[in-house]
Amino acid sequence: MLEDNDLPQGEDKAIIVEQMFDQIAHRYDLINRLMTFRMDVRWRRRTVQSLALEPGSTVLDLACGTGDFCNDLMRYELNPIGIDFSAGMLAAAATDAPLVRADALRLPIPDSHVDGITCGFALRNFKDLNSFFHEISRVVRPGGRIGLLEVGQPSNPLLRWGHRVYFGTLVPKIGALLSDADAYKYLPKSVDYLPESEKMLSELRVAGFTDVTRTPLNGGITQLFLGTQGT
């Protein structure tokens, strides 16, 4: 699918990412649990708690995959709507939340219409991250909240080295054994798409969010971005 040092851009990226997630949908949750030692469950629940939204609030879960985040939102009495552009992921979903196949850069949602947004480990897969920030700002009402989870880079040199070895070497081997080799070769490399955290915080502020914060989780292997719609 990809050359060793090649990362797709623009429309090529969108097509390749969609095909990749279609291919790995049937084993995606299993491999996530194995790769993160189930820490992904805690990360999602912390995100939902950090939104601090009232019960009954409507929350879009973007790049919802098989519906894990949607299920956690429902556990906290929120009303999720899952959106993903991978038909394979939506077909494999295990959630009672309503699901919509759509592009997160062109959401079929009116302006200022939802109370919150979550997104788990997908920022690096969008073809234009800045456009994504502006699109989510468009659909969140004033005072609404966003919680974006993404992989990170530990600040501790030893932990960063160990994380690089694990994520860059072992994860592709696990993925090749249980699912699709090309997909799990791409996923560690896709971290290179992410801007520096300070740039992402700045772009979120420019898009209209206030109280923007970044919290490293588990030594920085994961990062949580939070913000409030201020316009």
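Residues numbered from 1 in each chain as written. Predicted model: local features only at pLDDT ≥ 70, side-chain atom pairs only at ≥ 80, totals over all residues. Heavy atoms only, no water.

Trainee: Explain the state of the cysteines here, please?
Mentor: All chains considered together, the criterion is met by 0 disulfides. Looking at C64, it has no disulfide partner, and the nearest cysteine sulfur is the one in C70, 5.2 Å off. On the basis of relative accessible area, C64 is assigned to the buried category, the value being 7%. (Disulfide = S-S within 2.5 Å. Buried < 20%, exposed > 50% of the residue type's maximum accessible area, 1.4 Å probe, protein only.)

Trainee: Sorry, what's going on with the nonpolar core here?
Mentor: Generally speaking, nonpolar side chains in soluble globular proteins are found buried as a group. Counting 64 residues, the largest nonpolar core has I117, F132 and L148 as the members making the most contacts within it. When neighbours within four sequence positions are excluded, F132 is seen to be in contact with L62, A104, L105, C119, L123 and F126. (Core = buried A, V, L, I, M, F, W, Y, C linked by side-chain atoms within 4.5 Å. Contact = heavy atoms within 4.5 Å.)

Trainee: Mind showing me how you'd approach a nonpolar patch on the surface here?
Mentor: Residues L158, W161 and V165 make up a contiguous nonpolar surface patch of about 330 Å² in total accessible area. Relative to the helices and strands, L158 is located in helix α7 (residues 157-178). With relative accessibility at 64%, the residue L158 sits in the exposed group. (Patch = residues over 30% accessible without salt bridge, like charges linked within 9 Å, V, L, I, M, F, W, Y side chains within 5 Å. Areas by Shrake-Rupley, 256 points an atom, 1.4 Å probe, with all protein chains shown as cover. Salt bridge = Lys/Arg side-chain N within 4 Å of Asp/Glu carboxyl O. Helix = DSSP H or I, 4+ residues; strand = E, 2+ residues; numbered from the N terminus.)

Trainee: I'm lost on the pattern of salt bridges in this one. Help?
Mentor: Working definition: two side chains of opposite charge can pair if their charged atoms are close together. All told, the structure shown has 14 salt bridges when counted by the stated rule. Put simply, R75 and D72 hold a salt bridge, and the shortest N to O gap is 2.6 Å. One end of the pair, R75, and the other, D72, are both in helix α4 (residues 68-75), 3 residues apart, so they sit about a helical turn from each other. The exposure class of D72 is buried, given its relative accessible area of 1%. Note that R138 is salt-bridged to D111, the shortest N-O span being 2.7 Å. Here R138, found in helix α6 (residues 129-139), pairs with D111, found in the loop between β3 (99-101) and β4 (114-120); they are 27 residues apart in sequence, far enough to count as distant. A relative accessible area of 25% places R138 in the partly exposed class. One network of salt bridges, with partners in common, ties together R33, D40, R44, R45, D68, D72 and R75.

Trainee: Looking at this structure, how should I read the packing of α6 against helix α9 (residues 197-207)?
Mentor: Packed helix pairs are characterised by how far apart their axes lie and by the angle those axes make with each other. Contact pair α6 / α9: the axes reach a minimum separation of 9 Å and the direction vectors enclose 40°. Of the possible angle classes, the one that applies to α6 and α9 is oblique. The handedness of the crossing between α6 and α9 comes out as right-handed. Listed contacts from α9 to L129, N130, F133, H134 and S137 of α6 are M200, E203, L204, V206 and A207. When the residues that make up the contact of α6 with α9 are grouped by side-chain class, the tally is 6 nonpolar, 3 polar and 1 charged. (Axes fitted to C-alpha atoms, helices over the stretch in contact; angles between N-to-C directions. Parallel < 35°, antiparallel > 145°, perpendicular 65-115°, else oblique. Left-handed = near helix turned anticlockwise from the far one by under 90°. Nonpolar A, V, L, I, M, F, W, Y, C, P; charged D, E, K, R; others polar.)

Trainee: Teacher, can you tell me more about the packing of aromatic side chains here?
Mentor: To describe a pair of aromatic rings, you give the distance between the ring centres and the angle between the ring planes. Inspection of the entire model under this criterion finds 6 aromatic pairs. Judged by centre distance (4.3 Å) and plane angle (20°), the rings of F126 and F132 are stacked. Members of the aromatic cluster, each reached through a chain of ring pairs, are F126, F132 and F133. Positioned above the aromatic ring of Y193 is the side chain of K13, whose terminal nitrogen or guanidinium carbon lies 3.3 Å from the ring centre. (Phe/Tyr/Trp six-rings, centres within 6.5 Å; stacked < 30°, edge-to-face > 60°. Lys NZ or Arg CZ within 6 Å of the ring centre and 35° of its normal.)

Trainee: Where do I start with helix α1 (residues 10-24) in this structure?
Mentor: Because each turn of an α-helix spans 3.6 residues, side chains separated by three or four positions in sequence point in the same direction. End to end, α1 covers 22 Å across 15 residues, agreeing with the expected 21 Å (1.5 Å per residue, within 8%). Among the residues making up α1, those that are buried are K13, A14, I16, V17, M20, F21 and I24. The secondary structure elements touched by the buried residues of α1 are α2 (28-36), α5 (87-91) and α8 (181-189). (Expected span 1.5 Å × (residues − 1).)

Trainee: What's the story with the layout of surface pockets in this structure? I'm lost.
Mentor: By rolling a water-sized probe across the atoms, one finds the places where empty space is left. Each pocket or cavity is described by its volume, and for the largest pocket that value is around 970 Å³. Lining the largest pocket are 50 residues; nearest its centre among them are Y28, G120, F121, A122 and R124. Those elements that provide at least two residues to the lining of the largest pocket are α1, α2, α3 (39-51), β1 (58-62), α4, β2 (79-84), α7 and α8. Ranked by the residues each element gives to the lining of the largest pocket, the list is headed by α2, at 5 residues. For the lining of the largest pocket, the residue count by class is 28 nonpolar, 11 polar and 11 charged. Its volume calculated, the second largest pocket comes out at about 220 Å³. What lines the second largest pocket is simply V151, G152, Q153, V191, L194, P195, E196, S197, M200, R214 and Q223. The residue inventory of the lining of the second largest pocket, partitioned by class, reads 5 nonpolar, 4 polar and 2 charged. (1 Å grid on protein atoms, 1.4 Å probe; cavity = no way out; pocket = protein on both sides within 12 Å on 5 of 7 lines; lining within 4 Å. Points joined across faces, edges and corners; volume = space filled by probe spheres on them.)

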